[in-house]
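In case you want the letters, here they are:
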Amino acid sequence: MTNNVEPQHSSPKRVDRVLITGGTGSFGKTMLRDLLDKGVEQICILSRDEEKQDALRADLRDDRVKYYIGDVRDRDSVDRAMKGVDCVFHAAALKQVPSCEFFPHEAVRTNIIGSENVIRSSIAAGVRSVVCLSTDKAVFPVNAMGMSKAMMEKTAQAAARELGPGADTTISCVRYGNVMYSRGSAIPLFVRQIKSGKPITITEPTMTRFLMPLRDSVALVHYAFDNARQGDLFIKKAPAATIENLVAAIKQLFGVPDHPVEVIGWRHAEKLYETLASAQDLANSEDMGAYYRIILDQRDLNYGAYFSEGDTDTRSYNDYHSHNCEQLSVQQIEELLASLPEIALDLGRTH
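I will try to describe carefully the structure that is included in this document. (Residues numbered from 1 in each chain as written. Predicted model: local features only at pLDDT ≥ 70, side-chain atom pairs only at ≥ 80, totals over all residues. Heavy atoms only, no water.)

Looking at the overall build of the protein chain
At step 1: In terms of regular secondary structure, the protein chain is built from 13 helices and 16 strands.
At step 2: For the protein chain, the spread of C-alpha atoms along the three principal axes comes to 60 × 55 × 40 Å.
At step 3: Once local pairs closer than 6 in sequence are excluded, the contacts in the protein chain between residues at least 24 apart make up 79%.
At step 4: In the structure as shown, the protein chain presents an accessible area of about 16,500 Å², 50% of it carried by carbon and sulfur atoms.
At step 5: Across the protein chain, the 41 positively charged side chains and the 47 negatively charged ones have centroids separated by 3 Å. (Helix = DSSP H or I, 4+ residues; strand = E, 2+ residues; numbered from the N terminus. Contact = heavy atoms within 4.5 Å. Areas by Shrake-Rupley, 256 points an atom, 1.4 Å probe, with all protein chains shown as cover. Lys, Arg positive; Asp, Glu negative; His and termini not counted. Charge placed at Lys NZ, Arg CZ, Asp CG, Glu CD.)

Here it is as C-alpha cells:
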C-alpha cells in the first residue's frame, strides 16, 4: 500500500570512487561534471566509443577522471573498470526505440546481459551501491527497448532479492521518462529542423510525453544512492505535455510561430502516452514527496503467495502516466525549455 511520508533529506553519502557505465552519453557526462563539482576523488568512465572519450578527455583535462574502453557485454572489461569502486551508476544501454525494434537481440545483449555483468561484477568487487537507470518504456512495454529495460529491472531486483537486506552491496533502480535534449531525442531534432528551414516532423500531435531536464535525472540518481534500501526502485514525479504543445513552445521560443509542421504518422512501436508507474507498482510504494519509492517484492518461490493469496490493493490505484499527471501549458513548456543550457546555446544566449 502507498504510504505518504515526509520527503527524506538524508545527508549525502560519502563516495570516493565512482564508475559510470555509458559515461560518454548525455546522462553520463552530466553526472560526471556533477560529481567533479562535488569533489569526488575519482570517476571511472566505461564506454565503447574512443572518439567520445577522447573528446571528453580533451574538454575536461581533469586527472580525477579515468577512462576505460570496454563494453558491458564483456564481463572482463567490466571487471577491469570495477576495481576499487565504491559506487556504480549503470547508464550504458541501447536506448533508441527503432534501433531496438530492428535489432532486438542487440538490445538483449546490452540492456539485459550487459546489466547482469555490471551487477555481478559489482557484487564480486564489494561495491557499496549500484544504481541502474531504467525508463518509463519498461512499464507495459510494447517495444523491444522497453521489454529489455523491463528485464533489466527484473535482473537487478532478482540480484537484490538474492542478496537480501544488510548485504555489502545495495542494488536499486531509477525509472524516468524522456530527458529533454538528450542525444537522439525529439527536441534537438525539432531545433535542427527549424534552423535548417525544414518542416518539423511529428508523429501524432496528441501524444503525451513526460518532460524532465537532465539535471532532474541526475538528482533522481543521487536520491536513489542516498536513500535506497535493497531492491528499491525510485521514480521522480514529472509533468508532461502533448507533442503539439511542445512543438508550439519551441517555435515560440525560437521566434518562428509559423514554421511548418508535418505529421508523418506513428513510428515503430510508439505509445500514445508513457507510464512511469503501474497500479501494481503503486500498491507497494511509498510517496516520498517529489519521488515514489517502489519497494522490492520479497516473496520467494512459495507459490501459494502467488496463486492462492492474491493482492487486492491494486484495484484502488491508477497507473501514473503522461495522460493523467500534471499537463504543462505552452507557456510553461517554453519556460522549462528556456532553462536548459543547450537551448540557451542554440539561441546564442549565455546561460
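Having seen it, we continue.
Concerning the nonpolar core
Across soluble globular proteins, nonpolar side chains show a tendency to be buried alongside one another.
At step 1: Grouped together as the largest cluster of nonpolar side chains are 35 residues, with contacts concentrated most on Leu19, Val88 and Tyr320.
At step 2: Looking at this core element by element, the count peaks at 4 residues for helix α6 (residues 144–163).
At step 3: Ignoring any residue separated from it by four or fewer positions in sequence, one finds Val88 in contact with Leu19, Met82, Val118, Ser122, Val127, Ser129, Val130 and Val131. (Core = buried A, V, L, I, M, F, W, Y, C linked by side-chain atoms within 4.5 Å. Buried < 20%, exposed > 50% of the residue type's maximum accessible area, 1.4 Å probe, protein only.)

A word on the packing of aromatic side chains
At step 1: Enumeration according to the criterion identifies 5 aromatic pairs in this entry.
At step 2: When the centroid spacing of 5.9 Å and the interplanar angle of 45° are considered together, the rings of Phe210 and Tyr320 count as tilted. One end of the pair, Phe210, is in strand β9 (residues 208–210); the other, Tyr320, is in strand β16 (residues 320–321), and 110 residues separate them in sequence.
At step 3: Judged by its relative accessible area of 1%, Phe210 falls in the buried class.
At step 4: Ring geometry for Tyr223 versus Phe234: centroids 5.6 Å apart, planes at 85°, classification edge-to-face. Separated by 11 residues along the polypeptide, Tyr223 in helix α8 (residues 214–227) and Phe234 in strand β10 (residues 233–236) bring together distant segments of the chain.
At step 5: The exposure class assigned to Phe234 is buried, which follows from its relative accessible area of 0%.
At step 6: An aromatic cluster is present here, built from Phe210, Tyr292 and Tyr320 joined pairwise through their rings.
At step 7: One Lys or Arg, Arg57, reaches over the ring of Tyr67 and ends 4.6 Å from the middle of that ring. (Phe/Tyr/Trp six-rings, centres within 6.5 Å; stacked < 30°, edge-to-face > 60°. Lys NZ or Arg CZ within 6 Å of the ring centre and 35° of its normal.)

Focus on unusual backbone geometry
At step 1: Of note, Arg61 is a non-glycine position whose phi angle comes to about 50°, a positive value.
At step 2: Topologically, Arg61 is positioned in the loop between α2 (50–60) and β4 (65–69).
At step 3: Its identity is not glycine, yet Tyr181 carries a phi of approximately 70°, on the positive side.
At step 4: Topologically, Tyr181 is positioned in the loop between β7 (170–176) and α7 (186–195).
At step 5: The exposure class of Tyr181 is buried, given its relative accessible area of 15%.

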